[in-house]
Each structure stands twice: as C-alpha cells, then as structure tokens.
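# Tertiary structure, described
Listed below are the residues making up each chain.
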Amino acid sequence: MTIRPAREDDAQAIAAIYAWHVAHGTATFDTAAPDVSAWAAKLADFAARGLPFLAAERGGEVVAYAYAARFRDRAAYAHTCEDSIYVAHAARGSGIGSVLLPALIAAARANGFQQMLAVIGGGEPASVALHAKCGFVHAGRMRNVGKKFGRLLDTVYMQCDLTGEGWDNG
C-alpha cells in the first residue's frame, strides 16, 4: 500500500468511497453524496491552500482517503484542524486506517497544526477505536444531534495533541 498526496484525478474513486458511506453508514450525516466535480473542486482547493489530503493506494486503486482542514475559519482556531478519514467498503478491516491516520497526523503537524479534532458521526465504534489507537482522547459527546436511517445519532468528539506536549485534564 502507498500513502500519497491525493490528486484531482482521484476524485472519481474518492467520490465512490464517500458515496458508499453516505448511502450505508452513519459516519457521515450527509444524506446526498457530492458528485465527482465537487470532489475535484475540493481536491484543487486543498492543494491551493496547502492542506493535507492523502490517498491510500493498493494495487493501483485508491482504497481510502483522509484530509485535515481548519476546524473553524475564525483566526483563533488557526492551529486546530479536523480530520476526515474514509476507507472503501471492500477494504475495511484491513488495517489501512492504522497506516493512513498516522500519516495524516504527521502531515497536519508539518502543516503547522497543533491540535487535531475528530468529529465522529454516529459514534462509529471502528472510528472511535482507530482514533484512540492513534493517540486521540475522548473530548465529548453530543447526544441525538443527527438523524439518519430513522435513528437519532450521537456525535463523538476526540482530540489529539500534535505538539507532543500533552495537556493536564486536571
């Protein structure tokens, strides 16, 4: 498997990966998947702003992607990013996330981010476990804030200190 910067020509594969999660999962609260052109525009925007957007490629095929963007646009949040990571349905459980997320953390750190937040729709257990494995700690839960597939869903917040200094939750 190769982890590399995502390119605009990855938009088709990324759109397909995300569309599966929109249609079948609760990790995203989107109910309509963006089309390929929306993903191509997002990839171009990330490249223009120098933000990390990575693709995991296996056998010449993009099987996962991850990106980090500013958590909020306000200047005070400039050092804080939010991650997104999605693995193709057929590739889930194969350890790709355990390689891709640390690569994204390193890229975000190199980009000057000091904190990374994970906003995990549906409190997806696999995503919570992956983030915990990669050094994220539980930072909060918003209960029943989303509704998808006829179910009320929580959102779990997790946080990773990218400075290596840690903090005292005291």
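One structure accompanies this document, and this report is about it. Small disclaimer: the values here were computed from a predicted structure and weren't measured.

A few words on the side chain of S84. Along the chain, S84 falls in strand β4 (residues 80-87). The residues contacting S84, other than those within four sequence positions of it, are Y65, A66, Y67 and L104.

Turning our eyes to something else, we now look at the packing of aromatic side chains. Under the criterion given, the structure shown has ten aromatic pairs. Where Y18 meets W39, the ring centres are 5.4 Å apart and the plane angle is 65 degrees; that geometry is what we call edge-to-face. Of this pair, Y18 sits in helix α1 (residues 11-24) while W39 sits in helix α2 (residues 36-49), placing them 21 residues apart in sequence. Each member of the pair, Y18 as well as W39, carries the same accessibility label: buried. Relative to Y77, the ring of F71 lies with its centre 5.6 Å away and its plane at 70 degrees, an arrangement referred to as edge-to-face. On the basis of relative accessibility, which here comes to 14%, the residue F71 falls in the buried class. The structure contains a cluster of three or more aromatic residues connected by ring pairs, namely Y18, W39, F46, F53, Y65, Y67 and Y86. Looking at R49, its charged tip hangs above the ring of F46, at a distance of 5.7 Å from the centre.

Summed over the entire model, instances satisfying the criterion amount to zero disulfides. Between C134, a cysteine without a disulfide, and C160, which holds the nearest cysteine sulfur, the sulfur-to-sulfur distance is 8.2 Å. Given the relative accessible area of 16%, C134 is considered buried. Residue class for C160 comes out buried when judged on its relative accessible area of 5%.

Inspection of every chain in the model, using the stated rule, returns six salt bridges. Here R4 makes a salt bridge to D10, at a shortest N to O gap of 2.8 Å. Between D154 and R143 there is a salt bridge, and its shortest N-O distance comes to 3.4 Å. With D154 in strand β7 (residues 151-161) and R143 in strand β6 (residues 137-148), this pair connects stretches of sequence that are eleven residues apart. Salt bridges linked by common partners bring R4, D10 and E57 together as one network.

About the criteria used
- Residues numbered from 1 in each chain as written.
- Predicted model: local features only at pLDDT ≥ 70, side-chain atom pairs only at ≥ 80, totals over all residues.
- Heavy atoms only, no water.
- Helix = DSSP H or I, 4+ residues; strand = E, 2+ residues; numbered from the N terminus.
- Contact = heavy atoms within 4.5 Å.
- Phe/Tyr/Trp six-rings, centres within 6.5 Å; stacked < 30°, edge-to-face > 60°.
- Buried < 20%, exposed > 50% of the residue type's maximum accessible area, 1.4 Å probe, protein only.
- Lys NZ or Arg CZ within 6 Å of the ring centre and 35° of its normal.
- Disulfide = S-S within 2.5 Å.
- Salt bridge = Lys/Arg side-chain N within 4 Å of Asp/Glu carboxyl O.

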